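Topology and contacts: notes
As a plain string of letters, each chain reads:
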Amino acid sequence: MQANKLLFGTAGVPNSTQKKNNPIEGVKQIHSLGLDCMQLEFAHGVRMKEEVSSALRKVSYELGIPLTSHGPYYINLNAREQDKIDSSVERIIQTAKISDLCGAESMTFHAAFYMKDSPFDVFDLVEKSMNVIEERLSRLDIEIELRPELTGKTSQFGSLDELISLTKNVSSCAPCMDFSHLYARTGQYNTEEEFKEVLTRIKEEIGADSLANMHIHISGISSNSKGDLKHLNLEKSKFNWKDLLKSLKDFNCGGYVICNSPNLEEDAMMMKEFYNSL
Ligand SMILES: [Zn+2]
C-alpha cells in the first residue's frame with residue numbers, strides 16, 4: 001500500500017511573516033519555516049485583487065506549497081430571510097472562485113446555524129443549497145472540494161453525523177475534520193480509541209479515499225457545555241493532539257493539517273516534527 005503523507009501548515013499567514021497582511025509573503029514564510037501548506041483565510045470577506053491571486057498561484061506552485069481556503073464567517077444557509085440565504089450562497093461561490101484562481105483545491109466554511117430549528121430541517125436546507133452551489137460551480141468549470149467544517153459550537157450546523165450524511169448526498173462535498181472542534185462540541189473524542197473510531201467511520205461510510213485526502217484543522221482549545229470557547233496553543237490545552245496524529249498515521253491518512261492555534265506556525269511545526277518522528 002502506498003504511504004500517504006500529511007502536510008502541515010497554518011490558518012492564514014504565519015505570525016512571523018514580516019508583512020502579516022500579505023499572503024504571498026506568507027507562502028514564502030511557510031516555505032522558509034519548513035512547513036508544507038497554507039490556508040487562505042477569507043473570514044472577514046472575500047476580497048483579493050486578481051493580480052494577488054495569480055501571484056499567489058505562481059508562488060504556491062514554484063515553492064511547492066499547496067493552498068486551502070476558509071470562507072467568510074457571515075454564512076448561514078439556514079438564515080431566516082431568503083436574501084440572507086442567497087448572499088450566503090454567493091459568498092461560498094465567491095470563495096470558490098477566488099480559491100480556484102489561487103490554485104487552492106479544498107475550501108472550508110461554516111455552513112449554517114440551527115437557529116433553534118430541527119437539525120433535520122436544517123440539514124435539508126443546507127443540502128439544497130449545496131446542490132445549487134455544486135451545479136453553479138460546475139457551470140463555471142470550477143473544480144474545488146467543498147468542505148463544510150466540523151464546527152465547535154452546539155448552535156452551529158456541522159456535527160460529525162451531519163457532515164458524513166452531506167458527503168454521501170452531495171458529490172463535491174467532503175468534511176473538513178476539525179478534531180479540536182469535535183472535542184469541544186462533544187466533550188468526547190480525545191483518546192486514541194475514539195480517534196480511531198472516527199477514522200473507521202469515515203472509512204466505512206464515505207470511503208478509504210477520503211482518508212487519503214483529508215482537510216483537517218487542529219488547535220488547542222478550551223470548551224464548555226456549549227462547545228468551542230477559545231482557541232489556545234496546544235501546550236495550554238487538554239486536547240490530545242499526539243494520539244490524534246498517531247491515529248492518523250496508523251490509518252495512513254493523507255492531506256492537509258491546518259493549525260489554528262494562536263501561535264500558528266509554532267504549533268504547526270511542533271506537530272510536523274512529532275508526526276515525522278512516528
Ligand atoms: Zn472555521
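Residues numbered from 1 in each chain as written. Predicted model: local features only at pLDDT ≥ 70, side-chain atom pairs only at ≥ 80, totals over all residues. Heavy atoms only, no water.

Per an unreviewed UniProt entry, the protein is named Endonuclease, and its organism is Halobacteriovorax marinus.

1. Topic: the pairing of strand β5 (residues 145-148)
Let me state the cut-off plainly: Two strands pair under a simple rule: DSSP has to find at least two bridges between them. Note on conventions: DSSP H or I runs of at least 4 residues are helices, E runs of at least 2 residues are strands, and numbering of each starts at the N terminus. Handedness rule for crossovers: strands pointing away from the viewer, path from the first strand over the helix to the second running clockwise, crossover right-handed.
Relative to β5, strand β4 (residues 106-109) runs parallel, the two sharing four bridges. Pairing of Met-107 across the sheet is with Leu-146, part of β5. The β-α-β motif built from β4, the intervening helix α4 (residues 119-139) and the parallel element β5 has right-handed crossover chirality.

2. Considering the coordination of the zinc ion
This is how it is decided: Only nitrogen, oxygen and sulfur atoms count as donors, using a 2.8 Å cut-off from the metal that widens to 3.2 Å for Na, K and Ca. Water is left out, so coordination shells may look unfilled. Sites are called tetrahedral only when four donors show all angles between 85 and 135 degrees, square planar or octahedral only when four or six donors show opposite pairs over 155 degrees and all other angles between 65 and 115, and irregular in any remaining case. Throughout this description, buried means an accessible area under 20% of the type-specific maximum (1.4 Å probe, protein chains only), exposed means over 50%, and partly exposed covers the range between.
Within the protein, the zinc ion binds to His-70 (NE2), His-110 (NE2), Glu-149 (OE) and Glu-149 (OE); these donor distances fall in the range 2.1 to 2.5 Å. Classification of the site at the zinc ion rests on its four donor atoms, whose angles at the metal span 54 to 144 degrees, yielding the label irregular. Mapped onto the sequence, the donors of the zinc ion take the spacing H-x39-H-x38-E. A residue pair is termed long-range when its members are at least 10 positions apart, and His-110 in the loop between β4 and α4 and Glu-149 in the loop between β5 and α5 (160-169) qualify at 39 residues. Exposure class is identical for His-110 and Glu-149. Each is buried.

3. Some points on the packing of aromatic side chains
So the rule is basically this: Each Phe, Tyr or Trp ring, with Trp reduced to its six-membered ring, pairs with another whose centre is within 6.5 Å; inter-plane angles below 30 degrees give stacked pairs, above 60 give edge-to-face pairs, and intermediate values give tilted ones.
Tallying each qualifying case throughout the model produces six aromatic pairs. Look at Phe-179 and Phe-195: their rings are 6.3 Å apart centre to centre, the planes differ by 90 degrees, and that puts the pair in the edge-to-face class. Placement of the pair is Phe-179 in helix α6 (residues 179-186) and Phe-195 in helix α7 (residues 192-206), with a sequence separation of 16 residues. Ring centres of Phe-195 and Phe-239 lie 6.0 Å apart, and the angle between their planes is 70 degrees; on these two criteria the pair is classed as edge-to-face. Here Phe-239 lies in the loop between β9 (227-232) and α9 (241-250) and Phe-195 lies in helix α7, a separation of 44 residues in the sequence. Pairwise contacts between aromatic rings join Phe-179, Tyr-183, Phe-195 and Phe-239 into one cluster.

4. Notes on the sheet that holds strand β6 (residues 176-178)
Each strand in a sheet pairs with its neighbour through backbone hydrogen bonds, running either in the same direction (parallel) or in the opposite one (antiparallel). Inclusion rule: Under this scheme, a helix contributes an axis fitted over its contacting stretch, all axes are lines through C-alpha atoms, and angles between N-to-C directions fall in the 0 to 180 degree range. The contact rule is simple, with two residues in contact once any of their heavy atoms fall within 4.5 Å.
As summarised here, the arrangement of the eight strands in space is β5-β4-β3-β2-β1-β10-β7-β6, forming an open sheet in which the pairing is parallel. Each having just a single partner strand, β5 and β6 make up the two edges of the open sheet. Adjacent strand axes in the sheet meet at a mean angle of 25 degrees, parallel and antiparallel pairs treated alike. Both strand β2 (residues 37-41) and strand β3 (residues 67-70) contribute to a ladder of four bridges, which runs parallel. Directly across from Glu-41, in β3, lies its bridge partner His-70. Those strands touched by α9 are β1 (6-11) and β7 (214-218), and its axis lies near 170 degrees from that of β7.

5. Concerning the environment of Pro-72
Counting through the fold element by element, Pro-72 comes out in the loop between β3 and α3 (82-102). Accessibility expressed as a relative area gives 1% for Pro-72, which makes it buried. As a C-alpha pair, Pro-72 and Asn-276 span 204 residues in sequence and 33 Å in three-dimensional space. Discounting residues that sit within four places of it in the chain, Pro-72 has contacts with Phe-42, Ala-43, Gly-45, Val-46, Arg-91 and Thr-95.

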